[in-house]
Amino acid sequence: MKNVLIVGGIAILLLVGGSWWTKSLQSKDSNVIATGGMHWHPRLEMYVKGVKQDIPANVGLGAVHQPIHTHSEDAAQGVLHLEFSGRVTKDDVKLGNFFRIWGKDMRSFGENIQMTVNGEANTEFENYPMKDKDKIELRYE
């Protein structure tokens, strides 16, 4: 009975210690957004010389689904799906990744780009790490 209590106590210490150690590692890496996956929905609107551009449906869907993609039912509203499993970093959710998956150069729509995120000017462009419910607007002149 004594051995069972000792083994049980050691197991509890290992679980608590392992959990604390994992959390301490996560908190040190500010680039990590999630360790257990995530499912976010930012919105993207694009205008070229004042004309709204459609975000195509099913970008990133096929034999292999990309973690950043669009669906036919909400692409017209500019909804991007960020569906990741496991560890997710800020680099994983950059806006430029969507354009890469789409097969487009973000800067090919026009020379002068203005970007706002949630109504605020932003100059990160393809390096912007998207967040859930962001409203990203790109205007090309």
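Our structure's up above, just so we're on the same page.
Everything in this summary refers to the structure shown in the same document. Keep in mind it's a predicted model, so treat the numbers as computed, not measured. (Residues numbered from 1 in each chain as written. Predicted model: local features only at pLDDT ≥ 70, side-chain atom pairs only at ≥ 80, totals over all residues. Heavy atoms only, no water.)

### Details of the nonpolar core
Rule in force here: Remark: nonpolar core denotes a set of buried residues (Ala, Val, Leu, Ile, Met, Phe, Trp, Tyr, Cys) joined through side-chain atoms within 4.5 Å. Under the scheme applied here, a residue whose accessible area is under 20% of the maximum for its type counts as buried, over 50% as exposed, and between as partly exposed, the area being computed with a 1.4 Å probe on protein chains only. Starting at the N terminus, helices and strands are each numbered in turn, a helix being any DSSP run of H or I of at least four residues and a strand any DSSP run of E of at least two. The contact definition used throughout considers only heavy atoms, calling two residues in contact when any of these lie within 4.5 Å.
Core analysis: the largest hydrophobic core is formed by 29 residues, its most contacted members being Leu44, Leu82, Leu95, Phe98, Phe99 and Leu138. Breaking this core down by element, the ones donating at least two residues are strand S2 (38–40), strand S3 (43–48), strand S6 (81–84), helix H2 (95–102), strand S8 (113–117) and strand S10 (135–140). Among all residues touching Leu138, those that are not within four sequence positions of it are Leu44, Glu45, Met46, Tyr47, Leu95, Phe99, Met106, Ile113, Gln114 and Met115.

### Concerning unusual backbone geometry
With glycine set apart, most residues show a phi of negative sign, and most peptide bonds adopt trans. Despite not being glycine, Lys49 shows a phi value in the positive range, around 50 degrees. Considering the arrangement of structural elements, one finds Lys49 in the loop between S3 and strand S4 (51–53). Under the relative-accessibility criterion, Lys49 is labelled exposed at 63%. Positioned with a positive phi, Phe125 is a non-glycine residue whose angle comes to about 45 degrees. For Phe125, the position within the fold is in the loop between strand S9 (120–121) and S10.

### Some details on the pairing of S6
Using the following cut-off: At least two DSSP bridges between two strands are required for those strands to pair.
Direction of pairing for S2 relative to S6: antiparallel, over a ladder of three bridges. If you follow Trp40 over to S6, its bridge partner there is Leu82. By the bridge criterion, two bridges tie strand S5 (residues 68–69) to S6 in an arrangement that is antiparallel. Bridge pairing links His69 to His81 in S6.

### Quick look at the sheet that holds S8
Rules: Only the stretch in contact is used when fitting a helix axis, every axis being a line fitted to C-alpha atoms; angles between N-to-C directions are given from 0 to 180 degrees.
Taken in spatial order, the five strands make up an open sheet running S4-S3-S10-S8-S9, and their pairing is mixed. At either end of the open sheet lies a strand with only one pairing partner, and these are S4 and S9. In terms of strand pairing, S3 meets S4 through three bridges, oriented antiparallel. Looking at the pairing, Val48 lines up with Val51 of S4. Each of S3, S8 and S10 is contacted by H2, which is oriented at about 70 degrees to S3, the strand it contacts most.

### Description of the sheet that holds S5
Note: strands within a sheet are paired through backbone hydrogen bonds, in either parallel or antiparallel orientation. Within the open sheet, the three strands sit side by side as S2-S6-S5. Their pairing is antiparallel. In this open sheet, the two edge strands, each paired with only one partner strand, are S2 and S5.

### Thoughts on the packing of aromatic side chains
Rules: Two rings from Phe, Tyr or Trp (for Trp, the six-membered ring) form a pair when their centres are within 6.5 Å of each other. A pair whose planes differ by under 30 degrees is stacked, one over 60 is edge-to-face, and the rest are tilted.
Taken as a whole, this structure holds six aromatic pairs when the rule is applied. With a centroid separation of 5.6 Å and an interplanar angle of 35 degrees, the aromatic rings of Phe99 and Trp102 are classed as tilted. Here Phe99 and its partner Trp102 are both found in helix H2, three residues apart, which amounts to about one turn of the helix. The exposure class assigned to Trp102 is buried, which follows from its relative accessible area of 17%. An aromatic cluster is defined as three or more aromatic residues linked by ring pairs; in this entry it consists of Phe98, Phe99, Trp102, Phe109 and Tyr140.

Everything listed is a geometric property; what it means functionally is a separate question.
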